[in-house]
Number of protein chains: 4
Amino acid sequence: MSTVETELRIGLVGYAFMGAAHSQAWRTVNRVYDLPARARMAMICGRDSSKVADAATRLGWEGHTTDWRDLVARDDIDVIDVCTPGDSHAEIAVAALAAGKHVLCEKPLANSVQEARAMAAAAATAQAAGVRSMCGFNYRRVPAVTMMRDLVASGRLGTVRHVRAAYLQDWIVDPQYPLVWRLQKDRAGSGALGDIGAHIIDLTQYVTGQRITGVSAITETFVKERPLPVESTGLTAASGGDGTAVGVRTGPVTVDDAAVFVARLDGGALATYEASRFATGRKNALRVEINGSLGSLVFDLERLNELEFYDATEPTAEQGFTRILVTEADHPYLSAWWPPGHIIGYEHSFTHQMRDFLEAVATGVDPVPSFADALQVQLVLDAVVRSAALGSSWAEVEAVLAPVAA
Amino acid sequence: MSTVETELRIGLVGYAFMGAAHSQAWRTVNRVYDLPARARMAMICGRDSSKVADAATRLGWEGHTTDWRDLVARDDIDVIDVCTPGDSHAEIAVAALAAGKHVLCEKPLANSVQEARAMAAAAATAQAAGVRSMCGFNYRRVPAVTMMRDLVASGRLGTVRHVRAAYLQDWIVDPQYPLVWRLQKDRAGSGALGDIGAHIIDLTQYVTGQRITGVSAITETFVKERPLPVESTGLTAASGGDGTAVGVRTGPVTVDDAAVFVARLDGGALATYEASRFATGRKNALRVEINGSLGSLVFDLERLNELEFYDATEPTAEQGFTRILVTEADHPYLSAWWPPGHIIGYEHSFTHQMRDFLEAVATGVDPVPSFADALQVQLVLDAVVRSAALGSSWAEVEAVLAPVAA
Amino acid sequence: MSTVETELRIGLVGYAFMGAAHSQAWRTVNRVYDLPARARMAMICGRDSSKVADAATRLGWEGHTTDWRDLVARDDIDVIDVCTPGDSHAEIAVAALAAGKHVLCEKPLANSVQEARAMAAAAATAQAAGVRSMCGFNYRRVPAVTMMRDLVASGRLGTVRHVRAAYLQDWIVDPQYPLVWRLQKDRAGSGALGDIGAHIIDLTQYVTGQRITGVSAITETFVKERPLPVESTGLTAASGGDGTAVGVRTGPVTVDDAAVFVARLDGGALATYEASRFATGRKNALRVEINGSLGSLVFDLERLNELEFYDATEPTAEQGFTRILVTEADHPYLSAWWPPGHIIGYEHSFTHQMRDFLEAVATGVDPVPSFADALQVQLVLDAVVRSAALGSSWAEVEAVLAPVAA
Amino acid sequence: MSTVETELRIGLVGYAFMGAAHSQAWRTVNRVYDLPARARMAMICGRDSSKVADAATRLGWEGHTTDWRDLVARDDIDVIDVCTPGDSHAEIAVAALAAGKHVLCEKPLANSVQEARAMAAAAATAQAAGVRSMCGFNYRRVPAVTMMRDLVASGRLGTVRHVRAAYLQDWIVDPQYPLVWRLQKDRAGSGALGDIGAHIIDLTQYVTGQRITGVSAITETFVKERPLPVESTGLTAASGGDGTAVGVRTGPVTVDDAAVFVARLDGGALATYEASRFATGRKNALRVEINGSLGSLVFDLERLNELEFYDATEPTAEQGFTRILVTEADHPYLSAWWPPGHIIGYEHSFTHQMRDFLEAVATGVDPVPSFADALQVQLVLDAVVRSAALGSSWAEVEAVLAPVAA
């Protein structure tokens, strides 16, 4: 790590959707926030040499490489930011931690519990050496979500009774949408469940401070065969509807299109969860409602500047859901942005994430969510898969800390 | 039944919440609709002689009695309208059908599958003699709900993929709310599940034309002991919060406060259901969303004059959820009411129900939902109870027509 | 007036849209509220003998007549309810008051200031003899509107700074919609201005407790010639779009299609008003927002069970518009209706109006709004017309009490 | 201008709210869009040497200066971006154009018609030499607003009948909020009218393609005296509520707190406009509704990713306001951003503005809105001021091209 007026030299792995979003955040974070460390956009890494060179120019990285192992080995890199598909998270992150690099890893942490356990173990080892790690559940840093957590933590909702969470998209409703990597189990690990279901699992546990103890689940793949893409990167793969991007050959969809489950939380709450890419008309609809004995909260990611809060301690005739426009200077993260009512967007959650990551690393504390936190989400995903595989029977969520014998 | 210009003499059993709602509808229906039969508000029946006399005067019934057996036996009554708690539905309805009276019975049809089977059998027998029966799932007659059914039936949603339904209330969040009959299993059969969960089961099956085949469920009673009421009738029982309506003694709550379950429908859809009386801030929030391959529908009973429709066959850039104000003359039931934009209320669903009931009886056809339809809902409720009792394992919904051997 | 347990025998003049709405309310009011007087639906009056006979049967009136003078003269009528077009309000109401009948007169009170002054004078004279009069600005009795008034009156909004009010409809956007009576100045007095503009003038003055002192206005008739109807009654006149209800002849539209004006109120507030029948997609959209130094209120008649309240005395980070579902027992008029969340409709405003009218008459107090209040609204309408006629110059609103010399 | 792969060296004047917003946009625009020119953040200019140095570092400008005349004179600057208060717009912009620099000037163009005319004349002269100019009405570049314009222009709304526009804020409701420059006529020109009223004038004229021909207006200053600030910059001036930022001395507020007016547009539409800083609870609520003979549009800046569209050519029973989530790749400006449903924020309107500006300059066409367009807005503001000064009498909007004699 560089000295004096800490500079952290970032090495980003991946240049698709997440790579672009992280680049925007690294570029912006020190322009908006006064922080004890400055991010330097040092190197970007991707497998296609031409594309990664283009990405470096367009996104503003000083250098580029096609070899993540080289990146991890360099002396002039302080942070590895992992934005690849899930099948390479474990290998890259573990190597980076071993090389003494701080790691920010996109969610879900890994494609399997086994990998996630290895990563959490590596993070714990690295932590002893002052090397930090964090998993990118960026929605925790949407100001309205942070505010939800604060309201619950301060007791404003009383005892939490109900969680209802759904993350709904519709980008593969068309059966001609091609078989991109996100629809292949060996690359993505799972489908809607790991991609977007992981977000609502993390978000609701974060907000309520309660952990899911068990689930009964159904998963489904509505469209079982899709045309193979000529080429695909991330969500931007052109739909096959126009006849150009897909070929005549098809392949099997090996992940879930949708997952639904009921759950119990360790604080006594009941919950329903749903993750789907087949919710026609819902584009990025992460919706969460929490009901407590003293109040309720409602959040919708498509209106991420708003939070609805019901305060049951108000006089009965004046109770109602208050639509709070979360853009005031005394709302989380917002003092650095625009005047009240001037809304922020999706990308700002990443800027906020980078702010907290930089601050934690510079001040020598562990950022959250940790790899262990992300492992716990992985264990919930695993319980969902197990329940679905066993005809929707009840599946307990395994403990993060496995027995000694294991 | 009276002759010429058919008059149907109604005998209503029950004068609490449902009794008042039905009275309002019987009083109004022929003032609004031109129908082949006229309802005459002949007799009202209730156990407390003073109260039923008051109710008759206030609600506009010609006569009153405290003995439902007497009511059922009278020659000058054509229709028995059952608005009592669930524990007396079966006995009254079966006796009425045996006496040749047409029967309208509130939902849920009964407190057990056994009772419901007996009622469906009695209805089938009576039907052969031209005696009609119907269960009061009144929300089918909310114009927006009828319109949902019509849109799905005409193929506008394509293949239905997802159902998400919740019926949320909050009237017993306060632990001092008294132990009214709706919280006692021997009277009410079940709690939120049968009272409001039954509505969303019926409504979603009606709208999608699909039947639930199996469920995994959790039920919960959050507040297990409550003060005994000095007196209680229906939902209007005064809250114990003011210290007057409840005594110092308490009793056990023997029904569920909330029920959540995932389900499969026979057309291939996945579903989530939730019924709760602990959703703080939600007063009568029956919310249903249906996603199909060609479109989606969203309904909220607290805004019952509105229906949101997403039509995925429109040009991409113009797609969105269209908020239809269901108050036009060419919307279901509405040509008889007010000009566009002049909204109707909760009670109108009953007026519409009475319209369809009167018309069916007068023209000699069987009204829907039939007792058999309502039995099927009861079988779903039963599957939910069984799943919850067996640790949220999967429970198949029994067939309405039991095997001969049974 | 009849004796003992006061019965008030109602004579209704008019059987179209308003006649039906008032009938529904008279039929319902004593079934829902415990009141010191009972309304008896005695006589209905209309010009077409066949139609009025049908209306009597359908709407539930004991008798009928085609001669309002006869109705007014009868000994067995206590109340005259005037639901005719505006050109006959003055003559009927003045005659009824002179005959000692209590009068409920639909809005706007009259078609001219001159008529309205005569009616207010007649009401003042009758008042001395214990004869009551009231103008039917029914929206004052929407519970959310009454609640707005109460909140402003109790100081919760502080000093009112802004009023923005619009009443938007779209039923004559089609140029082939026929020339019904509401589009003819000699019958209706004015167009959107008097029909729906009058409502927002009354409502905002009622809610704020402030009176409009002057206006600058624009009025417009977008479609100046329309096909003559073969027959028309009220809003239900069939659109000419289908080619059946209108003939080949056309006639001039002699009223405004839309009126917009800015205004000052006597408490210092600025206001904008708009009334239009050309607001495509707005069916019955009466929308009012009030901003005060301590808070704000928002109301929309198409969601009449809701009121949005912003309380600027709450902590900054928790401020927002609270959507109050105005269906609680401690909300105005609602203790007699259904449980929380079970919404009411447009027609209930009339039931509430009849409740207050019956109670006032029975207890010997003057109901509001009085004819003098309605005259004041007429004076505002007149100022709007004068301003528009003089090229949108400023027009002061005349005083209700004219100088002695006048 | 630099050669090959055009680079445009930007000189920004002003480092407060607008300066920060523009900096964010200049920094981002080439990272997101492929453009024929690249913006180089060369110099920032401000009066306070310490603050401008800090701003340069924080916002990412290569150099800084306190002398705008020096900036304008430099050879290594291609574009002058004017973000100062209105009183210096004319002097800086005219000098910059004379020096051959392209100019982007914040709105309102000037503090008076006279200044605006001089600027428009200077722009016309410079245009002949290939020097470009543009006024920063950034909301035209909100994708939903651009889409509104496109829908109206393509005839989807038919004949536009109504415009209702309001831009509502509440940041000075507190009488102790200090007398910042925006409340002083000599600095700001006008108050709510020029600051936010100018936006809705431009936006509605842009969307409808119609120009305002005349107005009747009321303006008001509710709080006439305010505490003097110890120091203030832009909107971020600390409220005096905490007693620290303001002194004991007060000064007169010399601008309007609110302005309301009715207007006629040259295409026959009626309009209402309102600009206020006293609309409690409204933070940045720019709301516009357009009603046409075939449809309607509704936009709200606080939900800037959404557009409501009513299409009256759809079947009656399916008509309604469609909430379009304007985040699709085929929506204006959005192909470069995130996947559908991932919303953008307020700042993106500036990035889009810079995109269009860079593209126009690089390809040698005149960007819009031109200084002449902005002059026309100034003429509307002037008509509003004249009408208000003459007791809300009608004021015609002067023509942009003054008679020769002038």
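Worth saying up front: this structure is predicted, and the values here are computed from it rather than measured.

Reading guide: rules and limits
Residues numbered from 1 in each chain as written. Chains lettered and ligands numbered in written order. Predicted model: local features only at pLDDT ≥ 70, side-chain atom pairs only at ≥ 80, totals over all residues. Heavy atoms only, no water. Domains from an automatic or database assignment. Contact = heavy atoms within 4.5 Å. Buried area = accessible area lost by both parts, 1.4 Å probe. Salt bridge = Lys/Arg side-chain N within 4 Å of Asp/Glu carboxyl O. Helix = DSSP H or I, 4+ residues; strand = E, 2+ residues; numbered from the N terminus. UniProt positions renumbered as here; feature names shortened; annotations may be inferred. Pairing = 2+ DSSP bridges. Axes fitted to C-alpha atoms, helices over the stretch in contact; angles between N-to-C directions. Least-squares fit on C-alpha atoms with pLDDT ≥ 70 in both. Polar contact = N/O pair within 3.5 Å; in protein donor to acceptor, adjacent residues only side chain to side chain.

J.: Account for the domain arrangement of chain A, naming residues and giving values.
T.: Residues and elements named next belong to chain A. By domain assignment, chain A separates into domain 1 (6–139) and domain 2 (143–303 + 305–344). The C-alpha centroid of domain 2 is placed 24 Å from the C-alpha centroid of domain 1. At the interface, 15 residues of domain 1 touch 24 residues of domain 2. Among the residues domain 1 hides against domain 2, the three largest losses belong to Tyr33, Phe137 and Tyr139. Together they make up 38% of the total. Our count for the contact surface shared by domain 1 and domain 2 stands at 2 salt bridges. Salt-bridge contacts for Lys107 lead to Asp195; the nearest nitrogen and oxygen are separated by 3.5 Å. For the side of domain 1 that touches domain 2, the element with the highest residue contribution is helix H1 (residues 17–32), accounting for 3 residues.

J.: Now, about the UniProt feature "domain: Gfo/Idh/MocA-like oxidoreductase N-terminal" (unreviewed entry) in chain A: what can you tell me, with residues and values included?
T.: In the numbering used here, UniProt assigns the feature "domain: Gfo/Idh/MocA-like oxidoreductase N-terminal" (unreviewed entry) to residues 8–127 of chain A. The span residues 8–127 of chain A is 48% helix and 22% strand, and its two end C-alpha atoms sit 17 Å from each other.

J.: Kindly report on the sheet that holds strand E1 (residues 7–13) of chain A, identifying the contributing residues and their values.
T.: All names here are of chain A. One open sheet accounts for 6 strands, arranged E3-E2-E1-E4-E5-E6; its pairing is parallel. The sheet is open, and its two edges are formed by strand E3 (63–65) and strand E6 (133–136), each paired on a single side. Here the strands of the sheet are splayed against their neighbours by 25° on average, with no regard to which way each runs. With 4 bridges connecting them, strand E4 (residues 79–82) and strand E5 (residues 102–106) associate as parallel partners. Within E5, the position partnered with Val82 by the bridge is Cys105.

J.: Go over the relation of the copies chain A and chain B with me, naming the residues and quoting the values.
T.: Here chain A sits on chain B after a turn of 180° about the axis and a move of 0.0 Å along it, with an RMSD of 0.0 Å. Expressed as a symmetry operation, the mapping of one chain copy onto the other fits a two-fold axis. Identified as the residue of chain A closest to the rotation axis by C-alpha distance is A:Ser393, at 2.2 Å. With an isologous cut-off of 70% or more, the 100% of interface residues of chain A that recur at the interface of chain B puts this contact in the isologous class.

J.: Outline the environment of C:Arg140, listing residues and values.
T.: Residues and elements named next belong to chain C. Within the fold, Arg140 resides in the loop between strand E6 (133–136) and helix H6 (143–153). Residues Arg140 and Asp202, 62 residues apart in the sequence, show an inter-C-alpha distance of 8.3 Å. The contacts of Arg140, once residues within four sequence positions are left out, are Val145, Thr146, Asp202, Tyr206, Val368 and Pro369.

J.: Outline the interface of chain A and chain D, listing residues and values.
T.: Listed by partner, the interface residues are 40 residues for chain A and 40 residues for chain D. Regarding the contact of chain A and chain D, the summed buried area is about 3300 Å², with carbon and sulfur atoms giving 56% of it. For chain A, the biggest contributors to the area lost against chain D are A:Arg31, A:Trp338 and A:Ile343; these three give 21% of the whole. Here chain A is connected to chain D by 4 salt bridges. In this structure, A:Glu306 engages D:Arg303 in a salt bridge whose closest nitrogen and oxygen atoms are separated by 2.7 Å. If you look at where chain A meets chain D, you find 14 residue pairs in polar contact (both at pLDDT 80 or more). Listing elements by their share of the side of chain A that touches chain D, those giving two or more residues are H1, helix H2 (49–59) and strand E16 (321–325) of chain A. Here the side of chain A that touches chain D takes 8 residues from H1(A), the largest share from any one element.

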